[in-house]
Amino acid sequence: MQQFQQYIGGAFDDGSAQFDSRDPSTNAVWATMPEARTADVNRAVEAAHAAFLSPEWSLMTATARGKLLYRLADLIAENAPKLAELETKDTGKIIRETSAQIAYVADYYRYYAGLADKIEGAHLPIDKPDMEVWLRREPIGVVAAIVPWNSQLFLSAVKIGPALAAGCTVVLKASEEGPAPLLEFARIFDQAGFPKGVLNVITGFGAECGAVLTSHPKVAHVAFTGGPSTARQIVRNSAENLASTSLELGGKSPFIVFDDADIESAVNAQVSGIFAATGQSCVAGSRLIVHNAIKDTFLARLKQKAEAVVIGVPDKMETEVGPLCSARQIETAVDLIKRSVDCGATVMTGGAPLDREGNYFPPTIIDCSDAKDAPCLSNEFFGPVLSVIGFYTEAEALAIANDTKFGLGAGVFTQNLTRAHRMIRGIRSGIVWVNTYRAVSPLAPFGGHGLSGHGREGGIEAALDYTTTKAVWLRTSDDPIPDPFVMR
Ligand code: NAD
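The structure displayed is predicted, hence computed values, not measured ones.

Caption draft 1: Summary view of the layout of surface pockets. The calculated volume of the second largest pocket comes to roughly 460 Å³. If you trace the second largest pocket, you find 21 residues lining it, with Arg-65, Arg-136, Arg-137, Glu-138 and Pro-139 closest to the centre. Looking at the lining of the second largest pocket, the elements that each hand over two or more residues are α2 (55-58), α3 (62-78), β7 (131-139), α6 (152-166) and β21 (467-475). No other element matches the five residues that β7 contributes to the lining of the second largest pocket. A breakdown of the residues in the lining of the second largest pocket according to their chemical character gives eleven nonpolar, four polar and six charged.

This is the structure:
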């Protein structure tokens with residue numbers, strides 16, 4: 001049994017309490033995790049706040065902060081196999097994906113390392129002859145970064161990278177489900193040479209750890225990734241400290257295939273869009289909106305591919321779909337499928353958990369063409385479950401695509417350039433992929449509308465979210481200040 005520790009103020013400890021972590025491929029307990037209670041959270045925020053004010057950090061040049069981030073990126077790359085292995089062990093995410101993703105996580109840190117000394121202020125050509133006025137971009141303060149269990153190293157990189165580049169300090173709360181990779185990441189971070197307390201890594205449950213962290217008076221910004229109902233609680237909590245928030249939430253992303261699309265390519269993209277990461281992806285293309293002229297051909301090919309997917313233990317390179325992270329995920333999927341079938345939807349393949357040890361759910365396709373109110377069309381599964389609906393006209397496809405409270409990703413498959421442009425303009429989402437799906441980069445902003453949240457991660461915009469503007473006024477005249485009762 002392995003024992004993990006939390007990281008506060010540059011030191012490691014066991015936390016006020018501990019809890020067990022289970023291996024999703026067997027549901028057997030394999031490790032003990034530190035549980036941050038109120039006292040631990042307060043210590044972590046105090047450590048981050050002290051570091052924020054410390055001369056070691058607050059007077060460090062942006063270029064020097066960038067160099068530390070480069071060092072961190074190199075350490076992540078060196079330790080990639082260990083981090084990938086731990087993420088697979090604790091969350092069930094397949095090793096094929098964690099190995100590839102962790103290498104890219106290092107590049108995300110490199111991107112923000114390079115950006116650190118390019119977060120510039122401005123000089124204003126002010127409308128007064130005896131004044132110099134300029135804007136300083138200053139770090140916003142202590143950031144509470146909260147992540148869900150899927151892709152924790154990646155989802156924390158898009159918060160820690162820009163926050164540290166901007167000069168903030170961070171308390172990172174790893175998910176209580178599968179925190180091992182982030183607790184190990186803390187050990188790697190510790191070697192990079194940042195001043196103590198610049199990053200603190202804890203884990204614990206939402207009701208205590210999450211609530212105390214997000215309402216703490218010394219937290220200035222909450223960067224959250226998770227579900228919409230948790231986001232609502234976070235917004236309520238932040239009424240206490242009036243912290244700003246960025247919310248990266250779920251999705252029910254449309255995947256639209258027109259009758260002129262390259263079918264083989266679209267089928268492969270759909271497989272990647274809904275079955276990769278075992279469907280546990282916020283941008284999963286979980287609503288297939290397919291032209292009725294090609295629907296049967298498309299679904300026949302997709303079903304064939306879904307049934308050929310290699311389901312297995314997550315630590316084998318040949319595995320394509322592994323276990324879901326928790327038994328709770330299976331219960332949600334079973335319930336949603338039952339209610340959708342009751343509404344008239346038809347399960348074409350999959351639909352029930354596999355009869356084996358662990359949280360295994362097979363690739364599932366549900367045809368909702370005769371069940372437009374089926375809950376599987378509007379609720380996020382966070383599993384390998386695809387809902388399908390047919391259309392005849394472009395206007396109908398667009399209306400179905402936008403018939404959602406979410407607005408994160410969207411895919412459009414067509415060879416018609418003008419139609420692609422009309423769809424790009426018409427779809428309400430933060431990301432549109434045309435003739436591709438599920439591509440990401442540190443350079444490109446990522447985020448959504450509506451129940452998918454607000455704020456963007458990735459790109460320059462994200463770093464600016466961690467800054468606040470200070471307007472500086474400097475009078476250049478040596479004459480006495482004129483009439484003090486008149487605003488100048
Ligand atoms: P969740 O909302 O249940 O939990 C996310 C995190 O919030 C966890 O660390 C949890 O402990 C914490 N939390 C829970 N209650 C809290 C509270 N009251 N105060 C503060 N923190 C609290 O989400 P989950 O089930 O772990 O993850 C799945 C969800 O995450 C899905 O909806 C998925 O779409 C979303 N997600 C979004 C993105 C994105 O970038 N948009 C990426 C990945 C996952």
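Caption draft 2: Main features of helix α12 (residues 327-342). Under the 1.5 Å per step criterion, the end-to-end length of α12 is 23 Å for 16 residues, consistent within 8% with the ideal 22 Å. The complete set of buried residues in α12 reads Gln-329, Ile-330, Ala-333, Leu-336, Ile-337 and Ser-340. Each buried residue of α12 sits inside an arc of 135° when the element is viewed along its axis, so together they form one side. For α12, exposure combined with an orientation more than 90 degrees from the buried face picks out Glu-331, Lys-338 and Asp-342. For α12, the secondary structure elements touched by its buried residues are β15 (346-349), β16 (364-367) and β17 (385-391). Immediately downstream of α12, the backbone of Gly-344 shows phi near 110°, a positive value.

Caption draft 3: Quick look at the domain arrangement of the chain. Examined at the domain level, the chain breaks down into domain 1 (2-248 + 458-473) and domain 2 (254-434). Computed over C-alpha atoms only, the centres of domain 1 and domain 2 are separated by 32 Å. Across the boundary between the two partners, domain 1 contributes 17 residues, which contact 26 residues of domain 2. In total, domain 1 and domain 2 occlude about 1700 Å² of area from one another, counting both sides; carbon and sulfur atoms represent 57% of this. The largest share of the area that domain 1 buries against domain 2 comes from Ile-94, Arg-96 and Trp-149, three residues that together contribute 30% of it.

What counts, and where the lines are drawn
- Residues numbered from 1 in each chain as written.
- Predicted model: local features only at pLDDT ≥ 70, side-chain atom pairs only at ≥ 80, totals over all residues.
- Heavy atoms only, no water.
- 1 Å grid on protein atoms, 1.4 Å probe; cavity = no way out; pocket = protein on both sides within 12 Å on 5 of 7 lines; lining within 4 Å.
- Points joined across faces, edges and corners; volume = space filled by probe spheres on them.
- Helix = DSSP H or I, 4+ residues; strand = E, 2+ residues; numbered from the N terminus.
- Nonpolar A, V, L, I, M, F, W, Y, C, P; charged D, E, K, R; others polar.
- Expected span 1.5 Å × (residues − 1).
- Buried < 20%, exposed > 50% of the residue type's maximum accessible area, 1.4 Å probe, protein only.
- Arc of directions from axis to C-beta.
- Contact = heavy atoms within 4.5 Å.
- Domains from an automatic or database assignment.
- Buried area = accessible area lost by both parts, 1.4 Å probe.

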